[in-house]
Amino acid sequence: MNSRAEARGAGLDTAKLAIAALLLVGGIFAFYFFEGFSVLLRVIGLLVISGAAAAVALQTERGRALWQFASDARMEVRKVVWPSRQETLQTTLIVIVMVLVVGIILWLFDMMLMAILRFLTGQGG
């Protein structure tokens, strides 16, 4: 009995997601079909239809899980201790300097290998 209820709920969720997708496709179609109307009105209509599609999608189990994930992610972002401007500038400067140093070292290593290769193949003067 319980598996039937789960199957029915999953089928209903699938139908709701399909309705949400059809709403979005219909909204996009209407946006381009009514090109004679003001762009502002078409954008408002598209936003309203997108909101309705989102409301339908949020009624599903996946929609609720997605909303919960977004809420949890927002909560975690609030907990982050962001670096100050000075720390950010110092870290950026260190990264730039290290990239330049490693680039120069690799360039010198490449020149050395090229000189060895030319010496071994006899192509150098």
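Residues numbered from 1 in each chain as written. Predicted model: local features only at pLDDT ≥ 70, side-chain atom pairs only at ≥ 80, totals over all residues. Heavy atoms only, no water.

**Q** Quick rundown of the overall build of the chain? Include the residues and the values.
**A** A count of helices and strands for the chain gives four helices and zero strands. Taking 125 residues into account, the globule formula puts the C-alpha radius of gyration at 14 Å, and the chain, at 29 Å, lies well above it. Each principal axis of the C-alpha distribution contributes one length, and for the chain these read about 80 × 45 × 40 Å. Relative to its full complement of 125 residues, the chain shows a buried share of 7%. (Helix = DSSP H or I, 4+ residues; strand = E, 2+ residues; numbered from the N terminus. Rg over C-alpha atoms; globule rule 2.2 N^0.38 Å. Buried < 20%, exposed > 50% of the residue type's maximum accessible area, 1.4 Å probe, protein only.)

**Q** Please set out the UniProt feature "transmembrane region" (unreviewed entry) in the chain residue by residue, giving values where relevant.
**A** UniProt tags residues 12-33, 39-58 and 93-120 as "transmembrane region" (unreviewed entry). With 100% helix and 0% strand, residues 12-33 has its two end C-alpha atoms placed 31 Å apart. Between the end C-alpha atoms of residues 39-58 there is a gap of 28 Å, over a span that is 95% helix and 0% strand. (UniProt positions renumbered as here; feature names shortened; annotations may be inferred.)

**Q** Give me the side chain of Asp-13: which residues, what numbers.
**A** Topologically, Asp-13 is positioned in helix α1 (residues 2-33). Although Asp-13 is buried, it forms no salt bridge, and the closest oppositely charged side chain is Lys-16 at an N-O distance of 4.7 Å. Ignoring sequence-local partners within four residues, the contact set of Asp-13 consists of Gln-59, Thr-60 and Glu-61. (Lys, Arg positive; Asp, Glu negative; His and termini not counted. Salt bridge = Lys/Arg side-chain N within 4 Å of Asp/Glu carboxyl O. Contact = heavy atoms within 4.5 Å.)

**Q** Could you give an account of the environment of Ile-44, with specific residues and numbers?
**A** Note that Ile-44 resides in helix α2 (residues 39-57). Taking C-alpha positions, Ile-44 is 16 Å from Ala-55, a pair spaced 11 residues apart along the chain.

**Q** Before we move on, could you go through the packing of aromatic side chains and cite the residues and values that matter?
**A** Inspection of the entire model under this criterion finds four aromatic pairs. For the pair Phe-29 and Phe-33, a centre-to-centre distance of 5.5 Å together with 20° between the ring planes defines the contact as stacked. You can see Phe-29 and its partner Phe-33 sitting in helix α1, four residues apart, about one turn around the helix. Per residue, the accessibility class of Phe-29 equals that of Phe-33, and both read exposed. Consider the rings of Phe-33 and Phe-34, whose centres lie 5.1 Å apart with planes at 85°: the pair is edge-to-face. Note on Phe-34: relative accessible area 39%, which makes it partly exposed. An aromatic cluster of at least three residues, connected via ring pairs, comprises Phe-29, Phe-33, Phe-34 and Phe-37. In this arrangement the basic side chain of Arg-42 is found over the ring face of Phe-31, its NZ or CZ atom lying 4.5 Å from the centre. (Phe/Tyr/Trp six-rings, centres within 6.5 Å; stacked < 30°, edge-to-face > 60°. Lys NZ or Arg CZ within 6 Å of the ring centre and 35° of its normal.)

**Q** Provide a residue-level description of a nonpolar patch on the surface, including the pertinent values.
**A** Taken together, the side chains of Phe-109, Met-112, Leu-113, Ile-116, Phe-119 and Leu-120 define a hydrophobic patch exposed on the protein surface, amounting to about 670 Å² of accessible area. Along the chain, the position of Leu-113 falls in helix α4 (residues 85-121). Judged by its relative accessible area of 41%, Leu-113 is partly exposed. (Patch = residues over 30% accessible without salt bridge, like charges linked within 9 Å, V, L, I, M, F, W, Y side chains within 5 Å. Areas by Shrake-Rupley, 256 points an atom, 1.4 Å probe, with all protein chains shown as cover.)

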